[in-house]
Amino acid sequence: MQANSIMLCPRREHVQAVIGAALQAADPREAVHRALRLVGSTLEAGEQRIDLAGVERIFLVGAGKAVENMAIGVADVLGERICGGVLISKYAPAHGDLPMPAVVERLTGGHPIPNEDSLRATRQLTNLLQSCGAEDLVLCVISGGGSALLTLPQPDISLQAIQDLTRLLLASGASIEEINCLRKHLDQVKGGGLARIAHPARLITLVLSDVVGAPLSTIASGPTVPDTTSYADALAVVDRYGLREAIPGTVRWALEEGQLGFRPETVKPGETLFARTHTMIVGSNERSARAALEQARALGFNTLLLTTYLEGEARYAGQVLGGVLRQAATSSDPLPRPACIVAGGETTVALRGEGYGGRNLEVALGAVEALDGVENALLVTLATDGEDGPTDAAGAVVSGQTLARARELGLHPAAYLRENNAYRFFAALKDVLLTGPTGTNVNDLVFLFTW
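Residues numbered from 1 in each chain as written. Predicted model: local features only at pLDDT ≥ 70, side-chain atom pairs only at ≥ 80, totals over all residues. Heavy atoms only, no water.

Draft legend 1. Structural detail: the overall build of the chain. Of regular secondary structure, the chain possesses 17 helices and 15 strands. Taking 2.2 N^0.38 as the reference for a compact globule, 451 residues should give roughly 22 Å; the C-alpha atoms of the chain span a radius of gyration of 22 Å, in line with that estimate. The principal-axis extents of the C-alpha atoms in the chain amount to approximately 65 × 55 × 35 Å. In the chain, the proportion of contacts linking residues at least 24 apart, taken out of those at least 6 apart, comes to 79%. Positive and negative side-chain charges in the chain, numbering 38 and 49 respectively, have mean positions lying 2 Å apart. (Helix = DSSP H or I, 4+ residues; strand = E, 2+ residues; numbered from the N terminus. Rg over C-alpha atoms; globule rule 2.2 N^0.38 Å. Contact = heavy atoms within 4.5 Å. Lys, Arg positive; Asp, Glu negative; His and termini not counted. Charge placed at Lys NZ, Arg CZ, Asp CG, Glu CD.)

What follows is the structure in structure tokens.
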């Protein structure tokens, strides 16, 4: 966990321990262990009890950045009872060092933009599910990133069209709920589509949430749960960001035809297939935030969970959080020092420039001026998957000395914000937070420390 300002902090071991506790609480394998266990021949999944003596075959499928470790958690419980499966991850699987049954195919796809690998892998996964019968059991593991990795566009919509649409939406500042509303109405596996394909098999889905509030229909675009949004809602998102003429023609036509009733809707609540499905959250942003605070209290910090609903434009969120930390450091309000305040959620970035960065880096850059000159304070932003946007950074570190150090190097935060160039700003200061890929994904966290 590298960042110059953390290393210079007199409480650096405490800061690192708090961040480590947040990531440990999001460990996908452990999250599955908490939710799934085998007692004799009975599989317990939350409140569900399934007698495996009456199950013909068990399959393991899933998609997301954390899917490998989630699937290993399932394999720990079921072992050789698993007859086959397909997993789709962003990263190449580490064969040989993890206890995964050989019958489970481990494939990769593109993220955040779906690619041909996503398409091929999803076809292989759906082909497997189409072979399932009523006596079969499907264990599905889903985590953040699943929307791009699990991709099967409607037959008359090309992958290129989906890629172009995704780029437009990501650059627009649209929320993940808005983006996934569109994805669900253009794809055969999203919005309950995967549950429809798996029917009549019994389906248990374990979800590691990367969405604010953990709404099941939004995480990975809700492949195994009912969808309450409509084509009209999807078009409203397009119009909200002035994109109707910019999106690919086939996408626009599909949405407009759907609004007129000429295309089938996504799978809705009350459909009979959901009588044989069960979906549960096994890990979330809030769980990680609370684990971080528990560790901070054990280290002597006064603690506060500010919110797990942090949203909005990243740079402005950074300004607000910088202001909260400044007040805590200078007035012991809302907490006396030493204090650790945690905020979680997911901000957005409306791209204006051609720079290099991500939302966590931009939150940090937005806080630089607000913290100028503040003593004994540190703000740390963290993408829990270890990768902020297209960068290799998990986030960045800001102290009261960041602005002065930047000026010595001729770096001006406002200029870097204009170009969405937060990574290069913090890289020059050696204040980029580098964790490497963490194997999990429960959204973003911001830590405010003062002592």
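That shown, we press on.
Draft legend 2. A look at the pairing of strand β7 (residues 137–143). Across the 7 residues of β7, 7 count as buried, placing the element largely inside the fold. Taking every second residue as pointing to the same face, both faces of β7 are buried, with Leu137, Leu139, Val141 and Ser143 on one and Val138, Cys140 and Ile142 on the other. With 6 bridges connecting them, strand β4 (residues 58–63) and β7 associate as parallel partners. Its bridge partner lying in β7, leucine 60 is registered against leucine 139. Pairing geometry for β7 and strand β8 (residues 202–208), over 7 bridges, is parallel. Each residue of the ladder has a partner; that of serine 143, found in β8, is leucine 208. (Buried < 20%, exposed > 50% of the residue type's maximum accessible area, 1.4 Å probe, protein only. Pairing = 2+ DSSP bridges.)

Draft legend 3. Molecular detail of the sheet that holds strand β2 (residues 42–45). Spatial strand order, β1-β2-β3: 3 strands in an open sheet with antiparallel pairing. Edge strands, defined here as strands with exactly one partner in the open sheet, are β1 (36–39) and β3 (48–51). For this sheet, the mean inter-axis angle between neighbouring strands, taken without regard to orientation, is 20 degrees. Inspection of the sheet shows β1 paired to β2 by 4 bridges, in the antiparallel sense. Each bridged residue has a counterpart across the sheet, and for arginine 37 the counterpart in β2 is glutamate 44. Sheet strands touched by helix α3 (residues 28–35): β1 and β2. Its angle to β1, the strand with the most contacts, is close to 45 degrees. On the sheet, helix α4 (residues 67–78) packs against β1 and β2 and is oriented at approximately 5 degrees with respect to β1. (Axes fitted to C-alpha atoms, helices over the stretch in contact; angles between N-to-C directions.)

Draft legend 4. Structural context of the pattern of salt bridges. Evaluated as defined, the whole model comprises 26 salt bridges. Among the salt bridges present, the one from glutamate 68 reaches arginine 106, with a minimum N-O distance of 2.5 Å. Here arginine 106 lies in strand β6 (residues 104–108) and glutamate 68 lies in helix α4, a separation of 38 residues in the sequence. When its relative accessible area of 10% is taken as the criterion, glutamate 68 is described as buried. (Salt bridge = Lys/Arg side-chain N within 4 Å of Asp/Glu carboxyl O.)

Draft legend 5. Representation of empty space enclosed by the protein within the structure. Taken as a whole and judged by the stated rule, the model has 3 cavities of 30 Å³ or more. The calculated volume of the largest cavity comes to roughly 70 Å³. Surrounding the largest cavity, Pro114, Ser147, Ala148, Thr151, Ile162, Leu165, Thr166, Arg183, Leu186, Asp187 and Lys190 form its lining. Looking at the lining of the largest cavity, the elements with two or more residues in it are α6 (146–149) and α7 (159–172). (1 Å grid on protein atoms, 1.4 Å probe; cavity = no way out; pocket = protein on both sides within 12 Å on 5 of 7 lines; lining within 4 Å. Points joined across faces, edges and corners; volume = space filled by probe spheres on them.)

Draft legend 6. Region of interest: the sheet that holds strand β10 (residues 302–310). Taken in spatial order, the 6 strands make up an open sheet running β10-β11-β15-β12-β13-β14, and their pairing is mixed. Looking at which strands have only one partner, the edges of the open sheet turn out to be β10 and β14 (432–433). The strands touched by helix α12 (residues 285–298) are β10, β11 (339–345) and β15 (444–450); relative to β10, the strand with the most contacts, the crossing angle is about 165 degrees. Running over the sheet, helix α13 (residues 314–331) touches β10, β11, β12 (377–383) and β15 and is turned about 25 degrees from β15.

Draft legend 7. Structural detail: the packing of aromatic side chains. Evaluated as defined, the whole model comprises 5 aromatic pairs. Between the aromatic rings of phenylalanine 301 and phenylalanine 449, the centroid separation amounts to 5.8 Å while the plane-to-plane angle is 65 degrees, which identifies the pairing as edge-to-face. Of this pair, phenylalanine 301 sits in the loop between α12 and β10 while phenylalanine 449 sits in strand β15, placing them 148 residues apart in sequence. Phenylalanine 449 carries the same exposure label as phenylalanine 301, and that label is buried. Seen from their ring centres, phenylalanine 425 and phenylalanine 426 are 5.1 Å apart, and the 85 degrees between their planes marks the pair as edge-to-face. (Phe/Tyr/Trp six-rings, centres within 6.5 Å; stacked < 30°, edge-to-face > 60°.)

Draft legend 8. Spotlight on the layout of surface pockets. As a volume, the largest pocket reaches approximately 1100 Å³. Around the largest pocket, the lining is made up of 47 residues, and of these Pro112, Leu170, Arg359, Gly389 and Pro390 lie nearest the centre. Contributions of two or more residues to the lining of the largest pocket are made by α6, α7, α8 (176–184) and α14 (359–367). In the lining of the largest pocket, the residues fall into 15 nonpolar, 19 polar and 13 charged. (Nonpolar A, V, L, I, M, F, W, Y, C, P; charged D, E, K, R; others polar.)

Draft legend 9. Quick look at unusual backbone geometry. The omega torsion of the bond from histidine 199 to proline 200 falls at 15 degrees, within 30 degrees of zero and hence cis. Omega for the peptide link from arginine 337 to proline 338 comes to -5 degrees, which places this bond in the cis form. Within the secondary structure, proline 338 sits in the loop between α13 and β11. Positioned with a positive phi, asparagine 420 is a non-glycine residue whose angle comes to about 50 degrees. Residue position: asparagine 420 is located in the loop between α16 (413–418) and α17 (422–429). Residue lysine 430 is not a glycine yet carries a positive backbone phi of 60 degrees. The exposure class assigned to lysine 430 is exposed, which follows from its relative accessible area of 61%.

Draft legend 10. Focus on the pairing of strand β5 (residues 82–89). Across the 8 residues of β5, 7 count as buried, placing the element largely inside the fold. Sheet analysis places β4 next to β5, joined by 6 bridges and oriented parallel. Across the sheet, residue leucine 60 finds its bridge partner in β5, namely glycine 85. Considered for its hand, the β-α-β crossover made up of β4, α4 and β5 is right-handed. (Right-handed = clockwise from strand over helix to strand, strands pointing away.)

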